[in-house]
Amino acid sequence: MSYQDIAAKLEREEIRLASIGKRAYAACIDETIISLLFIATYYDAFAQAATYEQRIAIISSLILQFIGLKIVYQAFFTWYYGASLGKIAAKIACVDVGLLDKPSFAASLSRAVVAVISQICLYLGFAWALGNEARQTWHDLAAKTAVIDVA
């Protein structure tokens, strides 16, 4: 389905796409929650570090756990609620473009994995949303989803 087809389908159903600003706001909330969960989980390890270099070494050794936490958080909330906690706060949601319902577990998982890849690629996948009518990022394209306003 092309960008124009998706935008036309949503317009026909009187569904508005979420603005880039709302999506950025939701992403900031989600990153804060994930970071706080990570710090709370590994607080003892961080507390034992006496120097800045030791903290950096600990963070480096836990990078796969951090990435895993991000994927689990995004996949679960997108699959179960159709929105992460940040999206809920911003009053936006993620929908499957075919069904206009919350994404399946497989789609939510692939969306979460591609979102992390996009972050590793200097957020280029997020910037992709600026150049198309349906405001789809790489992870939206991979999962065949769109982010809409719910308020």
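This report concerns the structure included in the present document. Computed from a prediction, not measured in an experiment: that's the story for all the values here. (Residues numbered from 1 in each chain as written. Predicted model: local features only at pLDDT ≥ 70, side-chain atom pairs only at ≥ 80, totals over all residues. Heavy atoms only, no water.)

1. Quick word on the pattern of salt bridges
Here comes step 1: A full pass over the atoms with the stated rule returns 5 salt bridges.
Here comes step 2: Residues aspartate 149 and arginine 16 are paired through a salt bridge, measuring 2.9 Å at the closest nitrogen-oxygen approach. Placement of the pair is aspartate 149 in strand S2 (residues 145–149) and arginine 16 in the loop between helix H1 (3–12) and helix H2 (20–41), with a sequence separation of 133 residues.
Here comes step 3: The exposure class of aspartate 149 is buried, given its relative accessible area of 14%.
Here comes step 4: Note that lysine 70 and glutamate 31 form a salt bridge whose closest N and O atoms lie 2.8 Å from each other. Of the two residues, lysine 70 is situated in helix H5 (residues 63–81) and glutamate 31 in helix H2; the sequence distance between them amounts to 39 residues.
Here comes step 5: Given a relative accessible area of 8%, lysine 70 falls into the buried group.
Here comes step 6: For glutamate 31, a relative accessible area of 23% translates into the label partly exposed.
Here comes step 7: Linked by salt bridges that have partners in common, Arg16, Lys22 and Asp149 make up one network. (Salt bridge = Lys/Arg side-chain N within 4 Å of Asp/Glu carboxyl O. Helix = DSSP H or I, 4+ residues; strand = E, 2+ residues; numbered from the N terminus. Buried < 20%, exposed > 50% of the residue type's maximum accessible area, 1.4 Å probe, protein only.)

2. Section: the nonpolar core
Here comes step 1: Grouped together as the largest cluster of nonpolar side chains are 9 residues: Ile34, Phe38, Phe46, Ala49, Ile58, Leu62, Phe66, Tyr73 and Phe77.
Here comes step 2: Secondary-structure elements contributing two or more residues to this core are H2 and H5.
Here comes step 3: No other element matches the 3 residues that H5 contributes to this core.
Here comes step 4: When near neighbours in sequence (up to four residues on either side) are disregarded, isoleucine 58 contacts Ala45, Phe46 and Ala49.
Here comes step 5: Judged by nonpolar contacts, the second largest core, of 8 residues, contains Leu10, Val95, Ala134 and Ile148. (Core = buried A, V, L, I, M, F, W, Y, C linked by side-chain atoms within 4.5 Å. Contact = heavy atoms within 4.5 Å.)

3. A few points about the side chain of serine 84
Here comes step 1: Residue position: serine 84 is located in the loop between H5 and helix H6 (85–90).
Here comes step 2: In this structure, serine 84 is in contact with Asp30, Tyr73, Gln74 and Phe77, ignoring residues within four places of it in sequence.

4. Some points on unusual backbone geometry
Here comes step 1: One non-glycine residue, lysine 91, lies in positive phi territory at about 60°.
Here comes step 2: By the element assignment, lysine 91 lies in the loop between H6 and strand S1 (92–96).
Here comes step 3: Residue classification places lysine 91 among the partly exposed residues on the basis of a relative accessible area of 45%.
Here comes step 4: Phi angles above zero are rare outside glycine, and tyrosine 123 is one such case at about 65°.
Here comes step 5: When you line up the elements, tyrosine 123 lands in the loop between helix H7 (105–120) and helix H8 (124–127).

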